[in-house]
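Listed below, chain by chain, are the residues.
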Amino acid sequence: MAEFVLSAFADEYSPNFDEQLEGLKKNGVGYMEIRGVDGKNIGDLTEDEMKAAKAKLDAAGIGVSSIGSPIGKIKVTDDFDAHMKKLANCVKAAKIFGTENIRIFSFYIPEGMTREECRPEVMQRLARMLEYAESEGVTLCHENEKGIYGESAECCMDIQKEFDGRIKLIFDPANFVMDSHESYPAAYELLGDKIYYMHIKDATADKVICPAGKGIGGVPQILADLDKKRDGKIFLSVEPHLKVFKGFESLEATGDKTIMPENTYSSNTEAFGVAVKALKDIIGK
């Protein structure tokens, strides 16, 4: 049986780091995928700011499952050397926060260019990132995301094959639905045995983000299958996206708020609690 371990993007509970820790404890989540700290992205924190946040995590008894970095969330034609400096800062964060995992992306495809045209540069950049990460003893974990090279299950598998699985796979069911690619079961059938950890969010056929199990992403079915087939720890990182939160626009290429059911939840804290409870209900069954 798999050992599901709950984590979450607590910056969707509050931009305030102290409140993030309170929200995790309130909702019974023992780990954080750290992304936003007091309004600053993890990739922009100073070493002193990282150490101060780590001290608060230790005092609260909260661990870090992964660094929720923005690495690879630029156009494949954008300046890469500057981006490598940000990766170096995220590697420093991984070491300070006590995790080997760094979430990455595989670069946005510029308008007017095809994935096939961009593939050589994407792979070259990923190879350089991987070489550096491995030299520092950290693990790069790729998330499927709208608009990047690894948007589809097929392109995610391409990355897996290109690097012999050395870049790990984060499986986000909702993103496959939202990207007009494969919903359950197609993406899972192709990638299921490659899953390293999961981002837990779901989406309806109308492409609106919803709590896990309420959409067509197949979250209950995927977790049931993983529970049968896998042994050991698998992080399930709740990424609610049920209400626009501070900093959302800077994370999305389009800044599109229409995917979120804005009128459903009165606050980010309520939306966060709903998202966590939905996952716990699925696991409980």
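Above: the structure in question.
In this report, we go over the structure that sits alongside the text. (Residues numbered from 1 in each chain as written. Predicted model: local features only at pLDDT ≥ 70, side-chain atom pairs only at ≥ 80, totals over all residues. Heavy atoms only, no water.)

On to the packing of helix α3 (residues 80-97) against helix α4 (residues 115-135), then. Axis separation between α3 and α4 bottoms out at 11 Å; the angle between their running directions is 30°. Here α3 lies roughly parallel to α4, going by the angle between them. Crossing hand, α3 versus α4: right-handed. Between α3 and α4, the contacting residues are F80, D81, M84, L87, A88 and V91 on the first element and R125, R128, M129 and Y132 on the second. A per-class count over the contact of α3 with α4 returns seven nonpolar, no polar and three charged. (Axes fitted to C-alpha atoms, helices over the stretch in contact; angles between N-to-C directions. Helix = DSSP H or I, 4+ residues; strand = E, 2+ residues; numbered from the N terminus. Parallel < 35°, antiparallel > 145°, perpendicular 65-115°, else oblique. Left-handed = near helix turned anticlockwise from the far one by under 90°. Contact = heavy atoms within 4.5 Å. Nonpolar A, V, L, I, M, F, W, Y, C, P; charged D, E, K, R; others polar.)

With that settled, consider the nonpolar core. The biggest cluster of nonpolar side chains holds 86 residues, and the ones touching the most others in it are I67, F97, L126 and M129. Sorting elements by how many residues they give to this core places α3 first, with nine residues. Apart from residues no more than four positions distant in its own chain, L126 is found in contact with I104, F105, S106, F107, I159, F163 and I167. Within the second largest apolar cluster, five residues are counted, among which are C141, I170, Y197 and F235. (Core = buried A, V, L, I, M, F, W, Y, C linked by side-chain atoms within 4.5 Å. Buried < 20%, exposed > 50% of the residue type's maximum accessible area, 1.4 Å probe, protein only.)

Within the secondary structure, T99 is located in the loop between α3 and β6 (101-104). Under the relative-accessibility criterion, T99 is labelled buried at 9%. At 2.9 Å, the side chain of T99 forms a polar contact with the backbone oxygen of S65. When sequence neighbours within four positions are dropped, the list of residues in contact with T99 reads V64, S65, S66, I67 and A94. (Polar contact = N/O pair within 3.5 Å; in protein donor to acceptor, adjacent residues only side chain to side chain.)

Two cysteines, two sulfur atoms, one covalent bond between them: this is a disulfide. For the structure on display, the rule yields zero disulfides. The thiol of C90 is unpaired, and the distance to the nearest cysteine sulfur, on C141, comes to 12 Å. (Disulfide = S-S within 2.5 Å.)

All right, on to the packing of aromatic side chains then. The full count for this structure, using the stated rule, is seven aromatic pairs. Between F171 and F176, the ring centres sit 5.2 Å apart and the planes meet at 55°, which makes this aromatic pair tilted. Both residues of the pair, F171 and F176, count as buried. With a centroid separation of 6.1 Å and an interplanar angle of 55°, the aromatic rings of Y196 and Y197 are classed as tilted. On the basis of relative accessible area, Y196 is assigned to the partly exposed category, the value being 25%. Residue placement shows K73 over the ring face of F105; its charged tip is 4.7 Å from the ring centre. Over the ring of F107 we find R125, and its NZ or CZ is 5.4 Å from the ring centre. (Phe/Tyr/Trp six-rings, centres within 6.5 Å; stacked < 30°, edge-to-face > 60°. Lys NZ or Arg CZ within 6 Å of the ring centre and 35° of its normal.)

Turning our attention to the pairing of strand β8 (residues 168-171). Bridge count for strand β7 (residues 139-143) against β8 is three bridges, and the pairing is parallel. Its bridge partner being in β8, C141 is matched across the sheet by K168. Looking at chain direction, β8 and strand β9 (residues 195-200) are connected through three bridges and run parallel. Bridge pairing in β9 links I170 to Y197. (Pairing = 2+ DSSP bridges.)

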